[in-house]
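Report on the structure
Residue strings, one per chain:
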Amino acid sequence: MTSALGNLSAQQRALVDRWLPNATVERDHSWGLTTTTVVEMTHAGSRFIVKAAGPDDHHIQRELHAHLNWLHPWTSRGRAPALVHGSADAKVLVTRHLPGELVLGSTHADDPTVYRQAGELLALLHAQSVVVDDDYERRENEKSQAWLRQPHRIAAATAERLRAEIGTWSTPPATLVPTHGDWQPRNWLVHHDVVGIIDFGRAAMRPASTDFARLAVQDFNRDPNLETAFLDGYGPDPRDAGAWHRDRVRAAIGTAVWAHRVGDEPFEAQGHRMIAEALSSYRA
């Protein structure tokens, strides 16, 4: 083991030693803004990804749940990493390494064929299960109000407007499906022109439209042809005007406040843009 695994707890290190004895670290993929460690390792001639989280993290449990319940349509096609080992208690998992180049920041980021494939893959995820939740909208409204009570740099007048508007929202039953939760080129890989998916730490049951939030403010806004290609792959657009507005506002608040918490200023700025765009574009 090397310093790349230095943030793992004793329990996590013991499990990794048992699961991948005498493995060598090839690359540290950790983001650095959170307590999650992501390390690429070689064991017995094969590549693996070790992902371990800090004591207050809830993403590993979500990721394990996604691997065990929702990822088969992708893993069976070689489009997502397969789970090899995992412990929800220790907050550590091991998957097979999925080869590929990250779409974000590459020439693939403006390729409509990549977005068409991403749309096809998302449709496979969303199609697996559908439930109606009478309480989802109320819970999400409360979460957004809670975000606004945390430290942030949203202008006071804007924050007050957001609080007031959320307080007027209706809470109709919501149709939920398995969602990725951070669906964007930062979590897509391309290998021999084939798109694969990584990072399932935000996977949960939500409205299908929520997986459009990042793309809408980033990639679709930059090039409408990418949105057309994505929907060619995905199918009918699930974004209903009223619910989509609520989705956008909630995602914007969460982005601005969370990014401020972890010190990611470019992502925080994106959150502020998302707030401004959501508030300016909606007509009740």
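Just so we're clear, the structure is a prediction, and the values are computed from it rather than from any experiment. (Residues numbered from 1 in each chain as written. Predicted model: local features only at pLDDT ≥ 70, side-chain atom pairs only at ≥ 80, totals over all residues. Heavy atoms only, no water.)

Across its full length, the protein carries eleven helices and eleven strands. Viewed in the frame of its principal axes, the protein has a C-alpha envelope of about 60 × 40 × 35 Å. Expressed as a percentage of the 284 residues in the protein, the buried residues total 49%. Taking the contacts inside the protein whose residues are at least 6 apart along the sequence as the reference set, 67% of them involve residues at least 24 apart. Carbon and sulfur atoms make up 51% of the accessible area of the protein, which amounts to about 13400 Å² in all. (Helix = DSSP H or I, 4+ residues; strand = E, 2+ residues; numbered from the N terminus. Buried < 20%, exposed > 50% of the residue type's maximum accessible area, 1.4 Å probe, protein only. Contact = heavy atoms within 4.5 Å. Areas by Shrake-Rupley, 256 points an atom, 1.4 Å probe, with all protein chains shown as cover.)

Here, UniProt's "domain: Aminoglycoside phosphotransferase" (unreviewed entry) annotation points to residues 39-241. When the span residues 39-241 is considered, its composition is 38% helix and 22% strand, and the gap between its end C-alpha atoms is 41 Å. (UniProt positions renumbered as here; feature names shortened; annotations may be inferred.)

Position of Trp31 relative to the elements: it lies in the loop between β1 (24-28) and β2 (37-43). A sequence separation of 156 residues divides Trp31 from Asn187, and the C-alpha atoms of the two residues are 12 Å apart. Residues in contact with Trp31, not counting those within four places in the same chain, are Arg186, Trp258 and Asp264.

Here we come to unusual backbone geometry. For His192, which is not glycine, the phi torsion reads 50° and is therefore positive. You can see His192 is positioned in the loop between β9 (188-191) and β10 (194-197). With a phi angle near 70°, Asp193 is a residue other than glycine that sits in the positive phi range. Structurally, Asp193 can be placed in the loop between β9 and β10. With relative accessibility at 60%, the residue Asp193 sits in the exposed group.

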